[in-house]
Amino acid sequence: MKNPQYAISCLLICFGMIAVNHVSAADGKLLAGTAKVNITPDTNEPLHDSVYARSLILELNGKRLAFVSVDLAIFTSERVERICKEKFGIAELMLCSSHTHSEPQKAGRSFAAGNPYTVYYEDKIILAVEMAVNNLFPARIAAGRKTFPQLGFNRLVIRDDGHARESWFSDDHYTSENPERIPFGPVDPEVGVIRIDDMHGNPRIIMMNYACHADVVCNNYEISADYPGVASRKVEEAFDKKVNCLFVQGAGGNIESLQISSRRSGPDDHFKTDYAPMERTGELLAYETIKLAKNLTTSGEQTDIRFISDSMQFTGRFDKTISIHVHLVTILINNDIVIAACPGELFVQLQLDWKNKIEMASANPFLFGYAWSGGQWPGYVADVRSAALGGYGADQDQKIIEPGAGEAIMTRQLINYYRFKRVDARKTRTCWF
């Protein structure tokens, strides 16, 4: 096919009846707001480093989008969504979990179990949004991406029988947890950066988008934001603590850090967690983020932001009685920055394929994984090949989503991007609400 964009446009005609909540557009002067709130609860659990909620509000013509990066494993909240929409006029709220495996938790409890501090977190996140709304400033925005030597590897390693097995299982050939740091793939070695300045050119907000599990110090039985917390802190320090750095996870569902700490057997284990691998991983990510952020050039005074909120229904791979409602948001900024916000733990091949297609359209792609904006949390979302090869997150959960769901989600994100392009081609604009 000589013209892939034409082919996609033809495909969109066939999907013209897809139901979406709204398509929104605005041209004008951008306002932005941000806040950073410590969300570490009062607990007897040992504390290594605090966890935070960092918020970003983007406002155009009185309409607002909100992103909140939280140093938590998986966080969703209909209460936060409802209050932020009713009280602060937020059109779309995205709760972006870093997926740290060391969030505050009762001793001995799995990080994935029901968190006892949910209401506390909700109140703190609402506060972070309120503070950002109350401190809006005229802003400009820029974005870029940079490839550098990978920090992670694909933890579903294909074994001699042709099937994949998790990295924490050894065999005659493979050593558990990959201490040799073999760069198994696929991975996405690219960091994405969105920088927001005030009108004097001073950086105020940096969004750092990277795909790698935040479990360098898993089973440490101490509170920690893991490497995303280190990276965010280092970026903020590099800008004299005059910026808030929001870490936004990518499609890191099957990506493990090459540097990892040995696991403790329980809270009473006399073995102490080595935090050096966590610090080093965060430092390396921060270094590349800082270098890229300082080389970005923000746009002029006029900004264009459009978004589509969408939803899809899926069933289970093994349990056909379940229904999984997945909410998506597609955002286009200045006809260049494309954000695909998706909930769940997407596998990295889905990110690589989608980014490649957006790059074919000469746009700048950012996949925001673990980003909840309503609906249900779909859990692990594997690409078809990974689902066939098997392993943790691919075929071991009886409630896991159906094969092909990941490709369908990213195809819908691509379709929604091209819906923006169709509007441009027709020389029309759909107004905000």
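Predicted model, so just to flag it, every value in this text is computed and none were measured.

**With respect to the pairing of strand β6 (residues 137–147)**
Part 1 of the reasoning: Sheet topology places strand β2 (residues 31–38) next to β6; 2 bridges connect them, and they run antiparallel. Counterpart to L31 in the pairing with β6 is P138.
Part 2 of the reasoning: In the sheet, β6 pairs with strand β10 (residues 190–198) via 9 bridges, with the strands oriented antiparallel. Within the sheet, the bridge partner assigned to A139 lies in β10 and is D198.

**A closer look at the environment of C84**
Part 1 of the reasoning: By secondary structure assignment, the location of C84 is in helix α2 (residues 78–88).
Part 2 of the reasoning: C-alpha of C84 to C-alpha of V129: the two residues are 45 residues apart in sequence and 7.5 Å apart in space.
Part 3 of the reasoning: Among residues more than four places away in sequence, those in contact with C84 are G89, I90, L93 and V129.

**Quick word on the packing of aromatic side chains**
Part 1 of the reasoning: Using the criterion set out here, one finds 13 aromatic pairs in the structure.
Part 2 of the reasoning: Consider the rings of F75 and Y121, whose centres lie 6.0 Å apart with planes at 85°: the pair is edge-to-face. Taken as a pair, F75 in the loop between β4 (63–70) and α2 and Y121 in helix α3 (residues 118–133) lie far apart in primary sequence, 46 residues in all.
Part 3 of the reasoning: Among the residues examined, F75 registers a relative accessible area of 5% and is labelled buried.
Part 4 of the reasoning: Consider the rings of Y117 and Y121, whose centres lie 6.2 Å apart with planes at 70°: the pair is edge-to-face.

**Examining the environment of G344**
Part 1 of the reasoning: Mapped onto the elements of the fold, G344 is located in the loop between β16 (337–341) and β17 (345–346).
Part 2 of the reasoning: Since its relative accessible area comes to 0%, G344 is described here as buried.
Part 3 of the reasoning: Taking the C-alpha atoms as reference points, G344 and I74, 270 residues apart in sequence, are found 8.6 Å from one another.
Part 4 of the reasoning: If sequence neighbours within four positions are ignored, G344 has contacts with G369, Y370, W377, P378 and G379.

How each quantity is defined
- Residues numbered from 1 in each chain as written.
- Predicted model: local features only at pLDDT ≥ 70, side-chain atom pairs only at ≥ 80, totals over all residues.
- Heavy atoms only, no water.
- Pairing = 2+ DSSP bridges.
- Helix = DSSP H or I, 4+ residues; strand = E, 2+ residues; numbered from the N terminus.
- Contact = heavy atoms within 4.5 Å.
- Phe/Tyr/Trp six-rings, centres within 6.5 Å; stacked < 30°, edge-to-face > 60°.
- Buried < 20%, exposed > 50% of the residue type's maximum accessible area, 1.4 Å probe, protein only.

These values are about where atoms sit, not about what they do.
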